[in-house]
Amino acid sequence: MPATPEARARTRAFARVIGPFLVIVPGIVALRAADAGTILSGFFENEALVWVTGALLLFGGLLIIALHQYWYSPAAVLISLFGWFLALRGTALLIAPTLIEHAAFASLRFTLLVQTGFGVLVLIGLLLSYTGWITRPRGAP
């Protein structure tokens with residue numbers, strides 16, 4: 001089933017926001033991997049910050065899920081999956097912050113793997129940025 005013009009416009013709008021976000025934030029995380037232990041320690045020391053972050057992740061994920069349940073193209077699939085990932089990650093952070101904390105600190109032993117994972121997120125961000133900002137919508141002059 002082909003996507004409607006509204007679905008394509010919505011995917012393009014989400015790609016314009018999520019794409020640059022995934023280029024900038026994971027890119028900085030990958031570059032600052034050596035500082036991750038200090039950053040994580042400071043983050044998990046403040047229970048209110050952990051809770052608010054979990055709530056915001058859940059909210060952002062639910063917003064994407066509610067407004068973008070399209071699966072017609074690679075960019076649309078990535079946006080929809082991103083919404084589900086945020087919602088699940090936020091829920092996990094609210095329900096089991098210590099589990100997330102232990103996993104985060106365990107990942108510090110695998111810096112190259114973590115940098116590779118964040119590098120993949122940067123590539124996804126580049127694809128979404130291209131989709132949102134560079135490609136012309138279907139039927140556009």
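A brief look at the structure comes next. The structure presented is a predicted model; accordingly, all values stated were derived computationally and were not measured. (Residues numbered from 1 in each chain as written. Predicted model: local features only at pLDDT ≥ 70, side-chain atom pairs only at ≥ 80, totals over all residues. Heavy atoms only, no water.)

**Some thoughts on the overall build of the protein chain**
When helices and strands are counted, the protein chain shows six helices and zero strands. Its helices and strands in sequence order give the protein chain the pattern α-α-α-α-α-α, from N to C terminus. With 141 residues in all, the protein chain has 30% of them scored as buried. For the protein chain, the accessible area works out to roughly 9,000 Å², and carbon and sulfur atoms hold 74% of it. Each charge class in the protein chain can be summarised by its mean position, and for the 9 positive and 5 negative side chains these summaries are 23 Å apart. (Helix = DSSP H or I, 4+ residues; strand = E, 2+ residues; numbered from the N terminus. Buried < 20%, exposed > 50% of the residue type's maximum accessible area, 1.4 Å probe, protein only. Areas by Shrake-Rupley, 256 points an atom, 1.4 Å probe, with all protein chains shown as cover. Lys, Arg positive; Asp, Glu negative; His and termini not counted. Charge placed at Lys NZ, Arg CZ, Asp CG, Glu CD.)

**Focus: the packing of aromatic side chains**
Applying the stated rule across the entire model yields three aromatic pairs. An aromatic cluster is built from Phe-43, Phe-44 and Phe-105, whose rings are joined through pairwise contacts. A cation over an aromatic ring shows up here: Arg-16 above the ring of Trp-133, its NZ or CZ 4.2 Å from the ring centre. (Phe/Tyr/Trp six-rings, centres within 6.5 Å; stacked < 30°, edge-to-face > 60°. Lys NZ or Arg CZ within 6 Å of the ring centre and 35° of its normal.)

**Some points on the layout of surface pockets**
In this structure, the largest pocket occupies an estimated 1,500 Å³ of space. In terms of lining, the largest pocket is formed by 39 residues, of which the most central are Val-25, Val-29, Arg-89, Phe-118 and Leu-121. Elements represented by at least two residues in the lining of the largest pocket include exactly α1 (5-31), α2 (36-45), α3 (47-67), α4 (74-95), α5 (97-107) and α6 (111-134). Element by element, the count of residues in the lining of the largest pocket is highest for α1, at nine residues. Grouping the constituent residues of the lining of the largest pocket by class yields 33 nonpolar, four polar and two charged. Taken together, 15 residues make up the lining of the second largest pocket; nearest its centre are Arg-8, Tyr-72, Thr-131, Thr-135 and Pro-137. Broken down by secondary-structure element, the contributors of at least two residues to the lining of the second largest pocket are α1, α4 and α6. (1 Å grid on protein atoms, 1.4 Å probe; cavity = no way out; pocket = protein on both sides within 12 Å on 5 of 7 lines; lining within 4 Å. Points joined across faces, edges and corners; volume = space filled by probe spheres on them. Nonpolar A, V, L, I, M, F, W, Y, C, P; charged D, E, K, R; others polar.)

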